[in-house]
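Each chain, letter by letter, is given below.
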Amino acid sequence: MSFNEFKISYSRINAYLFCPNKYKLIYVNNFYIPANADISFGQTIHKTLEKYHSLGGKTFEALFESYDACWQNDGFISPQQSFEYYERGKKLLENYFASFKTSRAKILYTEKSFDANIGKYKFVGIIDRIDETPEGFREITDYKTHVNIWEQERVDKDLQLSIYAYACRNVFGFTPDLISAYFLSANKKIYTKRNARQIEEAVNLCLETAEKITAEEFDPDVSKCAFCDFKHKCKYNVKGTEELT
Ligand code: SF4
């Protein structure tokens, strides 16, 4: 396997930490995770907000137009389910707009990509939004579209947010004053911070994981099979395998 062009991303690290064999199935064997309602809905909402803000949208009508233009109708099990998600998205955007129109913060970037150095590796990613408050504070926000809201502790330990804080400091040249996970379905932001030690720990974890990937250490973690997208396709899942790799 050639790793000349190997770039780390949060998705890759997350797949490997879930189960090294899951990483292999996706990134070496080119298996793909079939579309489902939650994946499509999440992509629709991200694209809607990116389109709306990048066009400098100010009205709810414009937001709703972006929603219709970005709606992704893949992976729903029935027209009824698609309709239910569509209605859920409308409600989510109504609540989002109500908060947005009273916000005094200026949006600096939406879907801002970065290409950071971590040791000998490149780390690529996209930050959903970077704002600046009238007081000059910078905030990075990660949109979440699932229904369940995380506890504060989970947000405080979230690896993705730690990597974003690292990218801000090392690529964009500023330390974020505020970091938030924005649970759009409940229109609730949970704020967190990252200090230098936490960022260093996240970077080290990414480096260690990248080393294992490049060394092709892909031992399966069968304790995760019940929750895995490939549980019906993986030969290591001894319970209920339909198709072997
Ligand atoms: S089914 Fe189990 S062993 Fe196979 S990739 Fe998923 S978690 Fe890993």
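Structure first, text after, so check above.
In this text, all values refer to a predicted model and were calculated from it rather than measured experimentally.

Q: Break down the overall build of the protein chain for me, with residues and values.
A: The helix and strand tally for the protein chain stands at eight helices and six strands. The order of α-helices and β-strands along the protein chain, N terminus first, is β-α-α-α-α-α-β-β-β-α-α-β-β-α. Relative to the compact-globule value of 18 Å for 245 residues, the protein chain shows a C-alpha radius of gyration of 19 Å, a close match. Considered along the principal axes of its C-alpha atoms, the protein chain spans approximately 50 × 45 × 30 Å. Here the protein chain holds 245 residues, and 27% of them are scored as buried. Long-range pairs, those at least 24 residues apart, make up 65% of the contacts in the protein chain with a sequence separation of at least 6.

Q: Explain the pairing of strand 2 (residues 106-118) to me, and be specific about the residues and the numbers.
A: Inspection of the sheet shows strand 2 paired to strand 3 (residues 121-132) by eleven bridges, in the antiparallel sense. Counterpart to Lys112 in the pairing with strand 3 is Ile127. Here strand 2 folds back onto strand 3, and the loop between the two strands holds two residues, one of which, Gly119, carries a positive phi near 60°.

Q: Any details on the pairing of strand 4 (residues 138-144)? Residues and values, ideally.
A: One ladder, built from four bridges, connects strand 3 with strand 4; its direction is antiparallel. Residue pairing across strands places Glu132 opposite Arg138, the latter belonging to strand 4. The antiparallel pairing of strand 3 with strand 4 creates a hairpin that spans five residues between the two strands, and Gly136 there sits at a positive phi of about 90°. Pairing of strand 4 with strand 5 (residues 178-183) involves six bridges; the strand directions are parallel.

Q: Lay out the packing of helix 4 (residues 60-70) against helix 5 (residues 79-100) in plain terms, naming residues and giving numbers.
A: Where helix 4 meets helix 5, the axes come as close as 11 Å, and the angle between the chain directions of the two elements is 145°. Judged by the twist between their axes, the crossing of helix 4 over helix 5 is right-handed. Within the contact between the two elements, helix 4 uses Phe60, Leu63, Phe64 and Tyr67 and helix 5 uses Gly89, Leu93 and Phe97. Taken together, the residues of the contact of helix 4 with helix 5 break down into six nonpolar, one polar and no charged.

Q: Lay out helix 7 (residues 159-172) with the relevant residues and their values.
A: Relative to the 20 Å expected for 14 residues at 1.5 Å per residue, helix 7 spans 19 Å between its end C-alpha atoms, a close match to the ideal helical length. Regarding helix 7, the residues found buried are Leu161, Ser162, Ile163, Tyr164, Ala165, Tyr166, Ala167 and Cys168. Just downstream of helix 7 lies Gly173, where phi reads positive at about 80°.

Q: Describe the site of the ligand, with residues and values.
A: Surveying the vicinity of the ligand reveals 15 residues, the closest of which are Cys19, Pro220, Cys225, Cys228 and Cys234. Partitioning the shell around the ligand into residue classes produces nine nonpolar, two polar and four charged.

Q: An account of the nonpolar core is needed here, citing residue identities and associated values.
A: Counting residues in each nonpolar core, the largest one holds 37 residues, and the members touching the most others are Ile140, Ile163, Tyr164, Ala165, Tyr166, Ala167 and Cys206. At the level of secondary structure, the elements contributing two or more residues to this core comprise helix 1 (10-18), helix 3 (37-54), helix 4, helix 5, strand 3, helix 7, strand 5 and helix 8 (196-214). Element by element, the count of residues in this core is highest for helix 7, at seven residues. The residues touching Ile140, leaving out its near neighbours within four places in the chain, are Ile127, Ile130, Tyr164, Cys168, Pro176 and Ile179.

Q: I'd love a proper account of the environment of Lys189, names of residues and values included.
A: Its place among the elements puts Lys189 in strand 6 (residues 188-192). A tally of 16 C-beta atoms within 10 Å means that Lys189 is categorised as partly exposed. Spatially, the C-alpha atoms of Lys189 and Ala62 are 23 Å apart, while their sequence positions differ by 127 residues. Apart from the residues within four sequence positions on either side, Lys189 is in contact with Ser180 and Tyr182.

Procedures and definitions
Residues numbered from 1 in each chain as written. Predicted model: local features only at pLDDT ≥ 70, side-chain atom pairs only at ≥ 80, totals over all residues. Helix = DSSP H or I, 4+ residues; strand = E, 2+ residues; numbered from the N terminus. Rg over C-alpha atoms; globule rule 2.2 N^0.38 Å. Buried ≥ 20, exposed ≤ 12 C-beta atoms within 10 Å, placed from the backbone. Contact = placed C-beta atoms within 7 Å. Pairing = 2+ DSSP bridges. Axes fitted to C-alpha atoms, helices over the stretch in contact; angles between N-to-C directions. Left-handed = near helix turned anticlockwise from the far one by under 90°. Nonpolar A, V, L, I, M, F, W, Y, C, P; charged D, E, K, R; others polar. Expected span 1.5 Å × (residues − 1). Near = placed C-beta within 6 Å. Core = buried A, V, L, I, M, F, W, Y, C linked by C-beta atoms within 7 Å.

Keep in mind these numbers describe shape, not what the thing actually does.
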